[in-house]
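# Working through the structure, step by step
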Amino acid sequence: METSISRKESKDEKKMRKRKRKKVDGFVFLPDDILLDILKRLPDASLRYKAKYVCKRWLDLISNMKLLDHASFILQKTGDLTARHVGIREEGEGLQVKVHDLDMPRIGIIKSWGNELMLISDYKKQSLYIYNLITKEGSYLPQCNASCGGYCIIKCGVAISFDMFKGIYKVVHLFMGPPIECHILILRSDHIASSKWKKIQVPCMNGGLMYSSNPVSVQGRYFHWDNYIDKSLVSMDMVKEKIIDMSLPGDCKGVNYTIFEMGGSLALFAGDSPDKSEIWILKDFQKKKWEKLQSVTLEKWYYRRFPVCGVMSNRYIILECKYYNGMCYYDVKNGVVKMLDIHMNVDDGCLIQHHQVLNNLTA
């Protein structure tokens, strides 16, 4: 009897010791604002590759872009194919610019990028190339069996997306036709392509004769190609692998417009004159619901300036200034325009990065 009691006490003691040894996660008791302040102090590389995978709460905080209050894009010269990364963050009542050169192979034009991966078009080999900015390794993708013959420069759009639900990268190839065709290639965990492109069903819609080959990426999930022929958008949800015909808001079909990413949503800037310009935001992708953000008075700064992207607060819009070979920003709150300390070469192409990805590529 005494033996059984002593054994029982021994088991209880072991349980107590295990409980004492078990570490308590102090972060669980921290409110979001304090946790966010701590996360902001981490290096960008830690946020991108480690912190967001600690737990669901951290993933939600980072993926919901509460930390990513910046604009991020690449400028690449079409001549020597050198590239610069530009990061723009909000600082007080203005914007702070950080520019650095990218170490990457000069084999073609960068068509898309997500996290550490870049999708490059090698014009000489008429092929697509995946390059990892961290490991400095790359590989060519298999040819796509589309009506364009695999990859047509003029009427094809390509992009790379990260499916955070499955933890995989996808490459999309859209041929504007007619008819429009879409194929997706899955990348393995080692970022090597699977052997076969998968054809995606496309609803009945008109193909365009002219369109921008670089889509506007929103959250790395939604892609939007501008179909200039019928003044509509060819939009795709990369998670659901579904294409829809996206109508334009209001009376935008009759005026010049530009689409860009702003605050984690698709934005549309429409207007032909200084006194008739509007900014629209696509609030609901599935329902095709647009909402007017505000009307804009452009005054003298509208000449040859094109919206590039916005920052997370929806206060600033970054614009490319063809006339000045540089960039400026429009302060939506105060209605003023200021130049940014960014020089653009005559042959610079601008490639936008979605906000879900952090902008420190040198880490």
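Check the entry above for the structure.
A quick note: this is a predicted structure, and the numbers were derived from the prediction, not measured.

All right, on to the overall build of the protein then. A tally of regular secondary structure across the protein gives four helices and 24 strands. Here the contacts in the protein between residues at least 6 apart in sequence split such that 47% fall between residues at least 24 apart. For the protein, the computed accessible surface area is about 18,800 Å², with 51% contributed by carbon and sulfur atoms.

As summarised here, the arrangement of the four strands in space is S8-S9-S10-S11, forming an open sheet in which the pairing is antiparallel. Looking at strand neighbours, the two that pair on one side only are strand S8 (156-163) and strand S11 (198-200), the edges of this open sheet. Strand-to-strand twist of the sheet, defined as the mean angle between neighbouring strand axes without regard to direction, takes the value 25°. Of the pairings in the sheet, the one linking strand S10 (residues 181-187) to S11 comprises three bridges and is antiparallel in character. Bridge pairing in S11 places Cys182 opposite Ile200.

In this section: the nonpolar core. Counting residues in hydrophobic clusters, the biggest one holds 18 residues, and the most contacted among them are Leu233, Met246, Ile259, Leu266, Leu268 and Trp290. For this core, the elements supplying multiple residues, two or more each, are strand S12 (216-218), strand S15 (242-246), strand S16 (257-262), strand S17 (265-273) and strand S18 (276-284). No other element matches S17, which puts three residues into this core. Apart from the residues within four sequence positions on either side, Ile259 is in contact with Val216, His224, Asp226, Leu233, Leu266, Ala267 and Leu268.

On to the sheet that holds strand S7 (residues 138-140), then. A sheet is described by the order of its strands in space; here four strands give the open sequence S4-S5-S6-S7, paired in antiparallel fashion. Taken across any chain shown, the strands that pair with only one partner, and hence form the sheet edges, are strand S4 (109-114) and S7. Between one strand axis and the next, the sheet turns by 20° as a mean value, whatever way the strands run. Across six bridges, strand S5 (residues 117-122) lies against strand S6 (residues 127-132) in antiparallel orientation.

Before going further, it helps to examine the environment of Glu320. Here Glu320 lies in strand S21 (residues 316-321). A sequence separation of 24 residues divides Glu320 from Met344, and the C-alpha atoms of the two residues are 8.8 Å apart.

Before going further, it helps to spend a moment on the pairing of strand S3 (residues 94-101). Of the pairings in the sheet, the one linking strand S2 (residues 83-91) to S3 comprises eight bridges and is antiparallel in character. Across the sheet, residue Gly87 finds its bridge partner in S3, namely Lys98. Once S2 ends, the chain turns through two residues before running back antiparallel as S3, passing Gly92 with a positive phi of about 65°.

Okay, the side chain of Arg315 next. For Arg315, the location among the structural elements is in the loop between strand S20 (305-310) and S21. For Arg315, the side chain forms a polar contact with the side chain of Tyr316, separated by 3.4 Å. Those residues within four positions of Arg315 in sequence are excluded, and the remaining contacts are Glu93, Met262, Tyr330, Asp331, Val332, Lys333 and Asn334.

Among the residues of helix H2 (residues 32-39), Leu35, Leu36 and Leu39 are the ones counted as buried. Seen along its axis, H2 keeps its buried residues to an arc of 100°; they face one direction.

A separate point is the pattern of salt bridges. Taken as a whole and judged by the stated rule, the model has eight salt bridges. A salt bridge links Lys198 to Glu241, with the nearest nitrogen and oxygen atoms 2.8 Å apart. Here the residue Lys198 occupies a position in strand S11, and Glu241 occupies one in the loop between strand S14 (232-237) and S15, the gap between them amounting to 43 residues. A network of salt bridges, in which partner residues are shared, links Asp163, Lys170, Lys198 and Glu241.

For the structure shown, the criterion picks out five aromatic pairs. Taken together, a centroid distance of 6.2 Å and an interplanar angle of 45° make the contact between Phe223 and Trp225 tilted. For Phe223, a relative accessible area of 1% gives the class buried.

Tracing the backbone through its elements, the reader meets Asn227 in strand S13 (residues 222-227). Since its relative accessible area comes to 1%, Asn227 is described here as buried. For the pair formed by Asn227 and Asp245, sequence separation is 18 residues and the distance between their alpha carbons is 9.7 Å.

As for its placement among the helices and strands, His224 is situated in strand S13. Residue class for His224 comes out buried when judged on its relative accessible area of 2%. Each residue touching His224, except ones within four places of it in the same chain, is listed here: Pro215, Val216, Val218, Val234, Ser235, Ile259, Leu266, Leu282 and Phe285.

Phi is positive for Leu81, close to 65°, though the residue is something other than glycine. With respect to the helices, strands and loops of the structure, Leu81 is situated in the loop between strand S1 (70-77) and S2. Even without a glycine there, the phi angle at Gln126 is positive, about 50°. Within the secondary structure, Gln126 sits in the loop between S5 and S6.

Thresholds, definitions, all that
Residues numbered from 1 in each chain as written. Predicted model: local features only at pLDDT ≥ 70, side-chain atom pairs only at ≥ 80, totals over all residues. Heavy atoms only, no water. Helix = DSSP H or I, 4+ residues; strand = E, 2+ residues; numbered from the N terminus. Contact = heavy atoms within 4.5 Å. Areas by Shrake-Rupley, 256 points an atom, 1.4 Å probe, with all protein chains shown as cover. Pairing = 2+ DSSP bridges. Axes fitted to C-alpha atoms, helices over the stretch in contact; angles between N-to-C directions. Core = buried A, V, L, I, M, F, W, Y, C linked by side-chain atoms within 4.5 Å. Buried < 20%, exposed > 50% of the residue type's maximum accessible area, 1.4 Å probe, protein only. Polar contact = N/O pair within 3.5 Å; in protein donor to acceptor, adjacent residues only side chain to side chain. Arc of directions from axis to C-beta. Salt bridge = Lys/Arg side-chain N within 4 Å of Asp/Glu carboxyl O. Phe/Tyr/Trp six-rings, centres within 6.5 Å; stacked < 30°, edge-to-face > 60°.

Any link to function would need more than the numbers given here.
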